[in-house]
Amino acid sequence: MHSGKKSSIFVASSYSCMTVHMQDLLTTDEAATYLRLSERKLYELVANGAVPCTKVTGKWLFPKAALDRWLAAGLLTPALAHAPAPPIVGGSHDPLLEWALRESASGLASLPEGSEAGLRRLARGEVAAAAIHLHRLDGDDEVANCDAVASAAGLHDAVVIAVARREQGLVVAAGNPLQLSDVASILAKRARLALRPQGAGAQLLLLALVARAGFALDALTLVRPVCPTGADIAQAVRAGRADCGIATRAVAQAAGLDFVPLAWERFDLALRQRDYFLPGLQALFKFVRTATFRERASELTGYDASEAGNVRWVN
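Okay, so let's go over this structure.

### Quick word on the side chain of serine 185
No. 1: Considering the arrangement of structural elements, one finds serine 185 in helix H8 (residues 183-188).
No. 2: For serine 185, the side chain forms a polar contact with the main-chain nitrogen of serine 181, separated by 2.9 Å.

Here it is in structure tokens:
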């Protein structure tokens, strides 16, 4: 419980909350006056998810600071006339998400190009959502996804939805013949390392782990060309073109390869608030909250889906 004249406002049934002063929350009448709109037009914006607001005890409230940012960014006209995003989930590839897109009957296609590429497409309106798992050279990876979306140009109205925590590590041949244990052992054993594309979450994780180990990436024996997805990493190892590469435990398990755990990470979907209620995305969010989804995550191994569907962050 917060003391003083404050209110804890929950957004879209999230477990996260933001704390604001009561005097900074405008009623519908006050917000309409402040924005110089009719109440009818304001309700239209609310219905379309185009204006920052929240509902408390049956009443709509509008954080004044959020309205200021919305206006300052010149968003009023685009919010009224934006084109719907194409039904595509860009960003990172993930076997659990791919399965959920099909099983949920969402009608959403997949365009796996890496986390950073997905965010760029989302900002340009080329995808409805971007699957992301970002890492930093230093700092807290727990909030890396939210921080990246918050600082991304053109994603002023974004929301981050949890899909799962995933276990990332080294995919190695059955029996781990080189006895690899971490990124330092890749250097020590002169193992051939398959790479992911620049901006892919797995590649960002590799760069962070190498930096923390105190050596440069080019000190390793690198295999090229790069592998577009984790499944391509597994194929390179299985075919003998590489000794190892970073991917999820689920990828290694599906390929019948061994796995050296390195880190657990957040795997999330980033999307615009105005697109949250699109039928395809709603079908997906409803499905990932089911026991069926959690059972599949357990079956694939290397996932914790206990928070799937939760709103992690709202801009």
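### Concerning the sheet that holds strand S5 (residues 59-63)
No. 1: Taken in spatial order, the 3 strands line up as S3-S5-S4 in an open sheet, and their pairing is antiparallel. Lying at the two open borders of the sheet, with one neighbouring strand each, are strand S3 (25-26) and strand S4 (54-56).
No. 2: Where S3 meets S5, 2 bridges bridge the pair, whose relative direction is antiparallel. Bridge pairing in S5 places leucine 26 opposite phenylalanine 62.

### Some words on unusual backbone geometry
No. 1: A cis amide bond links arginine 224 to the next residue, proline 225, at an omega of 5°.
No. 2: Within the secondary structure layout, proline 225 lies in the loop between strand S11 (221-223) and helix H10 (230-238).
No. 3: One non-glycine residue, arginine 36, adopts positive backbone phi at about 60°.
No. 4: Within the secondary structure layout, arginine 36 lies in the loop between helix H1 (28-35) and helix H2 (39-47).
No. 5: Look at arginine 36 and you get exposed, because its relative accessible area is 80%.
No. 6: One non-glycine residue with positive phi stands out, namely glutamine 179, at about 55°.
No. 7: Tracing the chain through its elements places glutamine 179 in the loop between strand S9 (158-172) and H8.

### Quick notes on the nonpolar core
No. 1: Formed by 32 residues in total, the largest nonpolar core has its most connected members in Val89, Leu97, Leu269, Leu271, Leu284 and Phe293.
No. 2: Elements supplying a minimum of two residues to this core: helix H5 (95-103), strand S8 (129-132), S9, strand S13 (258-272), helix H12 (279-288) and helix H13 (291-300).
No. 3: Residue contacts for valine 89: discarding those within four places in its chain leaves Leu97, Leu101, Leu108, Ala109, Ser110, Leu111, Ala129, Ala131 and Leu269.
No. 4: One finds Leu180, Leu209, Leu220 and Cys244 within the second-largest nonpolar core, a separate group that totals 18 residues.

### Side note on the pairing of S13
No. 1: Sheet topology places S8 next to S13; 4 bridges connect them, and they run antiparallel. Within S13, the residue paired with alanine 130 across the bridge is alanine 270.
No. 2: Both S9 and S13 contribute to a ladder of 14 bridges, which runs antiparallel. Looking across to S13, one finds that arginine 165 is bridged to arginine 266.

### Considering the packing of H1 against H2
For any two helices packed against each other, the geometry comes down to the angle between their axes and how far apart the axes lie.
No. 1: It is the contact of H1 with H2, at a shortest axis distance of 9 Å, that shows an interaxial angle of 100°. Classed by the angle they form, the pair H1 and H2 counts as roughly perpendicular. Only Glu39, Leu42 and Tyr43 of H2 make contact with H1, whose side of the interface consists of Thr28, Asp29, Ala31, Ala32 and Leu35.

### Quick look at the pattern of salt bridges
No. 1: Scanning the entire structure with this criterion turns up 18 salt bridges.
No. 2: Across the pair aspartate 141 and arginine 212 runs a salt bridge whose closest N-O atoms are separated by 3.7 Å. With aspartate 141 in the loop between S8 and helix H7 (144-151) and arginine 212 in helix H9 (residues 201-213), this pair connects stretches of sequence that are 71 residues apart.
No. 3: By relative accessible area, arginine 212 is classed as partly exposed at 46%.
No. 4: Taking the shortest distance from any N to any O, the salt bridge between aspartate 243 and arginine 192 comes out at 3.0 Å. Of this pair, aspartate 243 sits in the loop between H10 and strand S12 (244-248) while arginine 192 sits in strand S10 (residues 192-194), and the two are 51 residues apart along the sequence.
No. 5: Sharing partners across several salt bridges, the network here consists of Glu113, Arg121, Arg124 and Glu126.

### A short note on the pairing of strand S6 (residues 88-91)
No. 1: Taken together, the 4 bridges between S6 and strand S7 (residues 109-112) define a ladder with parallel strand orientation. Looking at the pairing, glycine 90 lines up with leucine 111 of S7.
No. 2: In this fold, the crossover linking S6 to S7 by way of H5 has right-handed handedness.

### Section: the packing of H5 against H12
No. 1: For the pair H5 and H12, the least separation of the axes is 9 Å and the interaxial angle reads 115°. Note on packing geometry: the crossing formed by H5 with H12 is right-handed. Taking contact as the criterion, the partners of Leu97, Trp99, Ala100, Leu101 and Glu103 in H5 are, on H12, Leu284, Phe287 and Val288.
No. 2: Across the contact of H5 with H12, the residue classes tally to 7 nonpolar, no polar and 1 charged.

### Some remarks on H13
No. 1: Among all positions in H13, only Phe293, Ala297 and Leu300 are buried. Buried residues of H13, seen end-on, are gathered within an arc of 70° and therefore sit on one face of the element. Facing away from the buried side of H13, by more than 90 degrees, are the exposed residues Glu295, Ser298 and Glu299.
No. 2: Lining the buried residues of H13 we find H5, S9, helix H11 (249-255), H12 and strand S14 (303-304).
No. 3: Looking one or two residues past H13, threonine 301 carries a phi angle of roughly 75°, positive in sign.

Calculation notes
- Residues numbered from 1 in each chain as written.
- Predicted model: local features only at pLDDT ≥ 70, side-chain atom pairs only at ≥ 80, totals over all residues.
- Heavy atoms only, no water.
- Helix = DSSP H or I, 4+ residues; strand = E, 2+ residues; numbered from the N terminus.
- Polar contact = N/O pair within 3.5 Å; in protein donor to acceptor, adjacent residues only side chain to side chain.
- Pairing = 2+ DSSP bridges.
- Buried < 20%, exposed > 50% of the residue type's maximum accessible area, 1.4 Å probe, protein only.
- Core = buried A, V, L, I, M, F, W, Y, C linked by side-chain atoms within 4.5 Å.
- Contact = heavy atoms within 4.5 Å.
- Axes fitted to C-alpha atoms, helices over the stretch in contact; angles between N-to-C directions.
- Parallel < 35°, antiparallel > 145°, perpendicular 65-115°, else oblique.
- Salt bridge = Lys/Arg side-chain N within 4 Å of Asp/Glu carboxyl O.
- Right-handed = clockwise from strand over helix to strand, strands pointing away.
- Left-handed = near helix turned anticlockwise from the far one by under 90°.
- Nonpolar A, V, L, I, M, F, W, Y, C, P; charged D, E, K, R; others polar.
- Arc of directions from axis to C-beta.

Geometry only, nothing functional implied.
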